[in-house]
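Each chain, letter by letter, is given below.
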Amino acid sequence: MQSPAELKMAELLVEALNLEDIEAKDIDPEELLFGDGLGLDSIDALEIALAISQEYGVQVKAEDESTRDAFSTLRSLSAYIESNKSS
Amino acid sequence: MKNHLNHNCYPLVDRSLDSYIAIILSLYSPLKLNTKVNISQFLGHVYAVAELLPPHKYAINLCENRYLFMVSFCALLIKNQINLLPPNKKLMTQQWLIEKYKDVYVLDDSKLGESINFTSVSESEASGKESKQFVVNILKADFVNAEKIKNIPNIPLNQLAAIAFTSGSTGESKPNEKTWQTIVESSQNNALNMLGNRNELMYQLATVPPQHMWGLETSVLLPLFTSICVADVKPLFPQDIYDALYALPSPRMLVSSPIHLRAIMKLNILSPYEAPIKVALTLCATSPLSKDLAKDIEILFSSTLREIYGCSEIGSMAVRETSKEDVWQLFEGVDFSYQKNNMIMARTQYLPQKIEIFDDVKLIDENHFILKGRSSDMIDVAGKRGSLQEINNVLLGFPELVDGVIFIPKNNSKVERLVALVVLPDSIEVAILKNYLKKYLDDAFVPRVILKTNSLPRQENGKLPLAEIKNIYKDLLKIKFQ
C-alpha cells in the first residue's frame, strides 16, 4: 500500500517521465525504480531530480551517500524527500 | 601535424612531465581529494596498473572514474593490448564482446561507487548466467605510492589501440577500430579545431562517459596531447555539475550534451545558482542543441559555446557557435563531398576509408554545410543514435507478436522516448514483451510506453502511415485516462 506521500511522489514520477501506460496508484512502493522493476535510466534520474526540485525545493546530489539509497524505490525516494524538504 | 609522425612511433603523452593532466574531485578516488596529478605521476599510475594486467589480447574497459579510465586505457596501450569500449555496461554486451573477440578480460574500478548505477543491468540477467569472464579491478594497484616516471613511452603508430562501438540500437553495434596513429592525428586535429589557439592550461569537467566517442575524444585523449587538466568525475545531476565546476580552478572548460545543459538551465530557473561561475569554453555534442539553450548557457557561464558535429566512425568533424550561426564549419583535415545519389561521403587523412554521412546535409562550399535534418530512419533518444528500422525488427522478432510498431510520439519538449503499439494474444502480458525487448535493445531504445491494441492500420503494401498510428495512440491514451 502506498502512503499519501508515496502516492504524491508516484504521481510526480508518472507526470515527469510520461509513464503513460502506468497509473500512479499501481506503482509498488517496494519495486526497484532502476534496472528491473520500472526500468528507469540515468536520463529519468535527471528528470526526477528536476521534478523534485520544482515540487519540493530539494536539490538532489549524487555525491551524498543518502541519495544513492534514496533512488532505489518509490518508498525510499519519498522518505528521502520527506526528511529533506524545508517545510 | 607534428613531424614526429615521420618515425614509426609517437609518445604516449605529448606534454611536459610537470604539467597537470587530472584533478581529483571524486570522494571515492584512491587519490586525495583536490590533488592535481602531473604527467610524471600519471605515468607512474599507468605502469602500476600495467603490472596488474594479464596477458590477453583485449580488455573491456569499464572503469567509471574518468582518471582511472584514462590510466587503464594507457596501461593497455603500453602492454600492446586493445581497449574494447562497449556502448553500455550490460552483461549481454560483455558476453557478446567475449564471444566475438575470445581472448578478453574486463577492467573495472567498481568498488569506487563513484556514481549511482542508474544503468539497468538486470538482476535476473546477472544471477541467471554464471559469469565466466575474468575481471581485473585496477584499484589493486598502489596509486598512492606509485613511482614517478621520467621517460615517456613510445607507442607504435600502427598499433591497434582501441575498438569503439557505436551506440547502435541493437546488440550488434558496429566496431570502429582506432590505431594509435588515428588517435594521435585526430586528437591533434581536435585540439586545433575545438580549442583554437589556446595554449594555457584549462581545467575540464565532462558530464559524458569516457567510453563513448565524444567523451573519449574530449576528456581522455585531448589531455594526452594538449594542455588540459581533466576532473575525474562524471556528474549527472545539475547541482553536482555546478558544484564540480565551482571546485575547478580557472580557466574552466565544460564538455557536455544538450540533455545535461538543459537540466543545468532548468535548475537555474527553479532555484538560481548562488555564485556565478565563469566557464571559458563549453563544448556540446551528441544530439541537436537549440539556439536558445546555447544562448542561455553562454550567458549563465559567460562562456563561448561550440557545438560539435561528429559520427562514431570518424569522431568530431565540424563545429559551429550555435548561438550565433546555423552553418557548420568543417574541421580542417575533414572533407565532405557529394557522391552519386546525392549521398555525402566524409574523408579524413587519419582514416583509410570514406564514411557515408546518413544525415540530410547540404554543402554550401567545401568548408561549410547546413544540417537540414537527421536521416528519417536514424533516431536520437537521450543522446544515443539508433535505427528505427532495426528497433522495429527486434519487436517483430517477438514470437507471440501478431503485429506491432515502435515510433516516436513527439508530444512534448522533454527527452523523446519511444512508444510501441502492439497486437498481442490476450494471454501475453505487455511486461513479457518488455523484458524480451530489454534483452535485445539498448536501454534507451526500449519503448517507454507499450500499449495493446486490436489491430494496426496496415496498407496493402504493408506500410503503416505515421499519422494514423499517432491517432490510435492518442485515442488509446484517452480511453485509459477517462
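Residues numbered from 1 in each chain as written. Chains lettered and ligands numbered in written order. Predicted model: local features only at pLDDT ≥ 70, side-chain atom pairs only at ≥ 80, totals over all residues.

Chemist: Explain the packing of helix 5 (residues 180-195) of chain B against helix 6 (residues 213-225) of chain B to me, please; I cannot follow it from the model alone.
Modeler: Residue and element names in this part refer to chain B. Between helix 5 and helix 6, the least distance of the axes is 9 Å, while the angle of their chain directions is 95°. The angle between helix 5 and helix 6 places the two elements in the roughly perpendicular class. Every residue of helix 6 that contacts helix 5 at Ile183, Ser187, Gln188, Asn190 and Ala191 is listed here: Glu217, Leu221, Leu222, Leu224 and Phe225. (Axes fitted to C-alpha atoms, helices over the stretch in contact; angles between N-to-C directions. Helix = DSSP H or I, 4+ residues; strand = E, 2+ residues; numbered from the N terminus. Parallel < 35°, antiparallel > 145°, perpendicular 65-115°, else oblique. Contact = placed C-beta atoms within 7 Å.)

Chemist: Help me understand the nonpolar core, please; the structure alone is not making it clear to me.
Modeler: When a protein is soluble and globular, its nonpolar side chains tend to lie buried together. Residue and element names in this part refer to chain B. Judged by nonpolar contacts, the single largest core of 156 residues is most densely connected at Ala22, Ile23, Ala59 and Ala420. With ten residues, the top contributor of residues to this core is helix 2 (residues 66-78). The residues touching Ile23, leaving out its near neighbours within four places in the chain, are Lys36, Tyr203, Cys229, Ala231 and Leu248. (Core = buried A, V, L, I, M, F, W, Y, C linked by C-beta atoms within 7 Å. Buried ≥ 20, exposed ≤ 12 C-beta atoms within 10 Å, placed from the backbone.)

Chemist: Hey, could you run me through the environment of Asn197 of chain B in this one?
Modeler: Residue and element names in this part refer to chain B. Following the sequence through the fold, Asn197 ends up in the loop between helix 5 and strand 11 (202-206). Residue class for Asn197 comes out exposed when judged on the 5 C-beta atoms lying within 10 Å of it. Distance from Asn197 to Leu248, taken between C-alpha atoms, is 22 Å for residues 51 residues apart in sequence.

Chemist: I'm lost on the sheet that holds strand 19 (residues 344-348) of chain B in this one. Help?
Modeler: Two modes of strand pairing occur in sheets, parallel and antiparallel, and in both the strands are linked by backbone hydrogen bonds. Residue and element names in this part refer to chain B. One open sheet holds the three strands; their spatial order is 18-19-20, and the pairing between them is antiparallel. Unpaired on one side and paired on the other, strand 18 (334-338) and strand 20 (355-357) mark the two borders of the sheet. On average, adjacent strands in this sheet sit at an angle of 35° to one another, irrespective of strand direction. Pairing of strand 18 with strand 19, which is carried by five bridges, proceeds in the antiparallel orientation. Across the sheet, the residue bridging to Phe336 is Ala346, located in strand 19. (Pairing = 2+ DSSP bridges.)

Chemist: Just checking my understanding: could you explain helix 10 (residues 388-396) of chain B for this structure?
Modeler: It helps to recall that an α-helix has 3.6 residues per turn; residues three or four apart then point in one direction. When helix 10 of chain B is considered as a whole, its buried residues turn out to be Leu388, Ile391 and Leu395 of chain B. Projection of helix 10 of chain B onto a plane perpendicular to its axis shows the buried side chains occupying an angular sector of 65°, all on one side. (Arc of directions from axis to C-beta.)

Chemist: So what exactly am I meant to see when it comes to the pairing of strand 12 (residues 228-231) of chain B here?
Modeler: Consecutive residues of a regular strand have side chains that alternate between opposite faces of the sheet. Residue and element names in this part refer to chain B. Of the two faces of strand 12, the one holding Ile228 and Val230 and the one holding Cys229 and Ala231 are both buried throughout. Across three bridges, strand 11 lies against strand 12 in parallel orientation. Within strand 12, the position partnered with Met202 by the bridge is Ile228. Handedness of the crossover is the feature at issue here: the chain leaves strand 11, passes through helix 6, returns alongside strand 12, and the resulting connection is right-handed. (Right-handed = clockwise from strand over helix to strand, strands pointing away.)

Chemist: In this structure, what is going on with helix 3 (residues 91-101) of chain B? I would like to understand it.
Modeler: All names here are of chain B. Along helix 3, the positions that sit buried rather than exposed are Gln94, Leu97 and Ile98. Projection of helix 3 onto a plane perpendicular to its axis shows the buried side chains occupying an angular sector of 100°, all on one side. Those residues of helix 3 hidden inside the fold are in contact with strand 4 (58-61), strand 5 (82-85) and strand 6 (104-108). Just beyond helix 3, the residue with positive phi is Lys102, at close to 60°.

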